[in-house]
Amino acid sequence: MINKKITSVVLIFFLMAAAALLSACGTTGSAKTETTSQEDLTSKISSKIDAYTTDLMDSRDSMKSNRAICRYLQNWAKSKGIHSETDSAGNVIMSVSSSKKYKDAAPVVIVCPYDYLEFDNYSRPVAMALYTIKNNESTGKLTVIFTREDGHDLSGVKTLNKKYFTDDANVFCLNAADQGLFSLKSGASSTYRFTQSVRRVSPTLTKAYKITIKGLSATQPDAQISKATNPITRLESLLVSLKNRNISYEIASFRGGENTNLYAASATLTIVIDANKEKSFLDKMQEVTERFNEDKSKMHPGATYTYKEVDLPSSVIRRSDGSRLVNFMYTLLDGVYEKDEDSGDLVSINNVSKIDTSGSRVQISSVAYSLSETNLKTIDTDARTLCNLSDIKFSKTGSVPMWTGKEDTEFTKNVASAYKKTTGKTLSYNDSVTSTSASYVAQKNSKCNIISITLNENILKDCTGTMINYLINSLPEDDD
């Protein structure tokens, strides 16, 4: 009897041990499966994002207008069987319905800009948005809105119907700049135009030279502005230097930049100099161009600084007007305006964006961004005062309000969790000094949750992975 009891106890012990072992194996296997699944997802995203980006860049020669980009997006949606519509402003709205499993998940809206002026930069958010609408892992209701822009003017998002931004919507506003970041705050902006009347006269000097800086990127000014090369201010500095070397000149033309809200990709200056000072001028030009071109691999890859003799122009700007122009530009705000004394983070920046000396007037445009609306008003006042002192006509041509999102919400925490799952790193939200579309989305419905994501090349895949992981884990807790 005792032996039977002992045998039964031993048998029960082994059965319990085996069950525990099987349970442990099951847990380990589950963890291993989850890890493998994440690795597979990461690998899939990496290869497909490369393919999406490559396809966009291969199509760049046919993307010379916003109409062409709009047509590309419409055709892409049709070829993938994705429902899309286009509104009167050229915004392309794509949508997919919720799967049965995710019917209780909050709707997600991705607002993604497109703009032929920033095609290279915007290829990143467009690739991310296209990938997400096509490969959303059969999750909740998803709407991707490609908003038309003309040099980061946010014109498309301003016109959007507020019906897309319901109270329960979680919204991602995509942008592209040199610095990549996730933000819950973006700056306000002001754009300016400065106009100077000039008189054109026949040149009194005899040697004409055309000086050109080109090949830079027409991207949005951001927190990396101190590292950017502004060809307009570079050529203005050259004029100051020539004056300091006692090399007389007359300005025939000065043109640069295409859009007020973007860096100038190029600038060209044609001047007439004193033939007796030609050697000094050429020595100076050799010095500045060699230094620029030697640094281009680090500071401005692909850009060039050149000069060449040209035919004598028929007219130049009167010297007194030219001197007033150069003096005004010398004092015009450009670059970092203010930093936070404690953190060292940028608070306000300015960028001289355009210049055109055609006809009997000179027009200069610039943009200011600030994370302090009070600070931006000071910049407005400083610009107006400078114009009054210089007898230059001042006009404020546009503005974007500052946006501040909601911190420490379930949405921000879930996105941070998805980022951690994707990258293994902790996500920190950083303010974007550049204005974003979030300003106008928030105006359409202050109740919806918004996160702004600014993409650069380094974080494109991480952001895409974060988006997909967020969608996969978007079910309410009691439905998991």
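Being a predicted model, the structure only gives us computed values, none of them experimental.

K.L.:
What am I meant to see in the overall build of the chain here?
P.N.:
Assigned secondary structure in the chain consists of eleven helices and 20 strands. For the chain, whose C-alpha radius of gyration is 29 Å, the value lies well above the compact-globule estimate of 23 Å for 480 residues. Each of the three principal axes of the chain carries a C-alpha extent, and together these read 125 × 50 × 45 Å. The buried share of the chain, reckoned over its 480 residues, is 49%. Of the contacts made within the chain by residues no fewer than 6 positions apart, 81% connect residues no fewer than 24 positions apart. For the chain, the accessible surface area stands at approximately 23,300 Å², while carbon and sulfur atoms represent 48% of it. Averaging the coordinates of the 58 positive side-chain charges in the chain and doing the same for the 55 negative ones gives two points 3 Å apart.

K.L.:
What is the right way to read helix H8 (residues 373-390) from this model?
P.N.:
An α-helical turn contains 3.6 residues, so any two residues separated by three or four positions project in the same direction. Taking 1.5 Å of rise per residue, the 18 residues of H8 would be expected to cover 26 Å, and the 26 Å separating its terminal C-alpha atoms lies within 8% of that figure. Close packing links the buried residues of H8 with strand S8 (188-197), helix H7 (319-331), strand S15 (335-339), strand S16 (346-356), strand S17 (361-370) and strand S18 (393-400). Asp391 occupies a position one or two residues after H8 and carries a positive phi of about 60°.

K.L.:
Quick question: what am I supposed to make of the side chain of Ser123 here?
P.N.:
Mapped onto the secondary structure, Ser123 falls in helix H3 (residues 119-134). Among the polar contacts made by the side chain of Ser123, one reaches the main-chain carbonyl oxygen of Asp120 at a distance of 2.6 Å.

K.L.:
How do you make sense of the packing of helix H5 (residues 231-244) against H7 when you look at a structure like this?
P.N.:
Relative orientation and spacing of two packed helices are given, respectively, by the angle between their axes and the distance between those axes. Remark: H5 packs on H7, axes separated minimally by 10 Å, with the N-to-C direction vectors making an angle of 120°. As summarised for this structure, H5 and H7 are arranged oblique, according to the angle between their axes. Handedness of the crossing formed by H5 with H7: left-handed. Contacts from Ile232, Glu236, Leu239, Val240 and Lys243 of H5 reach H7 at Val326, Asn327, Met329 and Tyr330.

K.L.:
Honestly, the packing of H5 against helix H6 (residues 278-295) in this entry has me stumped. Any pointers?
P.N.:
Axis separation between H5 and H6 bottoms out at 12 Å; the angle between their running directions is 145°. Considering only the axes of H5 and H6, their crossing is right-handed. Contact residues: H5 offers Arg234, Leu238, Ser241 and Leu242, while H6 offers Phe281, Lys284, Met285 and Phe292. A per-class count over the contact of H5 with H6 returns five nonpolar, one polar and two charged.

K.L.:
What am I meant to see in the side chain of Thr454 here?
P.N.:
Along the polypeptide, Thr454 turns up in strand S20 (residues 449-455). The contact partners of Thr454, leaving out residues within four places of it in the chain, are Asn175, Ala176, Ala177, Gln179, Gly180, Leu181, Ser432 and Ile459.

K.L.:
Would you take a moment to explain helix H2 (residues 66-80) for this structure?
P.N.:
Compared with the 21 Å implied by 1.5 Å per residue over 15 residues, the 21 Å span of H2 between its first and last C-alpha is a close match. Listed as buried for H2 are Asn66, Ala68, Ile69, Cys70, Tyr72, Leu73, Trp76 and Ala77. Phi turns positive, to about 70°, at Gly81, one or two residues after H2.

K.L.:
How should I be thinking about unusual backbone geometry in this particular structure?
P.N.:
Glycine aside, the phi torsion of most residues is negative, and most peptide linkages are trans. The backbone of Asn246 sits at a positive phi, close to 65°, despite the residue not being glycine. Residue placement: Asn246 occurs in the loop between H5 and strand S11 (249-256). With a relative accessible area of 53%, Asn246 lands in the exposed category. For Asp391, which is not a glycine, the phi torsion comes out positive at approximately 60°.

K.L.:
For this particular structure, what's the right way to read the pairing of strand S5 (residues 170-176)?
P.N.:
The side chains of a regular strand alternate, residue by residue, between the two faces of the sheet. In terms of burial, S5 is a largely internal element, seven of the seven residues being buried. Residues Asn170, Phe172, Leu174 and Ala176 line one face of S5 and the alternating positions Val171, Cys173 and Asn175 line the opposite face, and both faces are buried. The pairing of strand S3 (residues 108-114) with S5 spans four bridges and is parallel. By the bridge assignment, Val111 is partnered in S5 with Cys173.

K.L.:
Hey, could you run me through the sheet that holds strand S1 (residues 83-86) in this one?
P.N.:
Sheet strands pair by backbone hydrogen bonding; their relative direction is either parallel or antiparallel. Taken together, seven strands build an open sheet; the order of strands is S1-S2-S4-S3-S5-S20-S6 and the sheet is mixed. Edge positions in the open sheet fall to S1 and strand S6 (181-183), since each of these has one partner strand only. Neighbour-to-neighbour, the strand axes of the sheet open up by a mean angle of 20°, direction not taken into account. Relative to S20, S6 is paired through three bridges, and the arrangement is antiparallel. Counterpart to Leu181 in the pairing with S20 is Thr454. Against the sheet, helix H9 (residues 410-423) makes contact with S5, S6 and S20, and its axis sits at roughly 35° relative to S20, the strand it touches most.

K.L.:
Can you walk me through the domain arrangement of the chain in this structure?
P.N.:
Reports often express the size of an interface as the amount of accessible area lost when the parts come together. Here the domain parsing of the chain yields domain 1 (44-187 + 403-473) and domain 2 (189-400). On a C-alpha basis, the centroid separation for the pair domain 1 and domain 2 is 35 Å. Listed as interface residues are 24 residues of domain 1 and, on the opposing side, 20 residues of domain 2. Interface area for domain 1 against domain 2, summed over the two sides, is near 1,700 Å², with a carbon-plus-sulfur share of 56%. Inspection of the domain 1/domain 2 interface yields zero salt bridges. Residue classes in the side of domain 1 that touches domain 2 are distributed as seven nonpolar, eleven polar and six charged.

Basis of the calculations
- Residues numbered from 1 in each chain as written.
- Predicted model: local features only at pLDDT ≥ 70, side-chain atom pairs only at ≥ 80, totals over all residues.
- Heavy atoms only, no water.
- Helix = DSSP H or I, 4+ residues; strand = E, 2+ residues; numbered from the N terminus.
- Rg over C-alpha atoms; globule rule 2.2 N^0.38 Å.
- Buried < 20%, exposed > 50% of the residue type's maximum accessible area, 1.4 Å probe, protein only.
- Contact = heavy atoms within 4.5 Å.
- Areas by Shrake-Rupley, 256 points an atom, 1.4 Å probe, with all protein chains shown as cover.
- Lys, Arg positive; Asp, Glu negative; His and termini not counted.
- Charge placed at Lys NZ, Arg CZ, Asp CG, Glu CD.
- Expected span 1.5 Å × (residues − 1).
- Polar contact = N/O pair within 3.5 Å; in protein donor to acceptor, adjacent residues only side chain to side chain.
- Axes fitted to C-alpha atoms, helices over the stretch in contact; angles between N-to-C directions.
- Parallel < 35°, antiparallel > 145°, perpendicular 65-115°, else oblique.
- Left-handed = near helix turned anticlockwise from the far one by under 90°.
- Nonpolar A, V, L, I, M, F, W, Y, C, P; charged D, E, K, R; others polar.
- Pairing = 2+ DSSP bridges.
- Domains from an automatic or database assignment.
- Buried area = accessible area lost by both parts, 1.4 Å probe.
- Salt bridge = Lys/Arg side-chain N within 4 Å of Asp/Glu carboxyl O.

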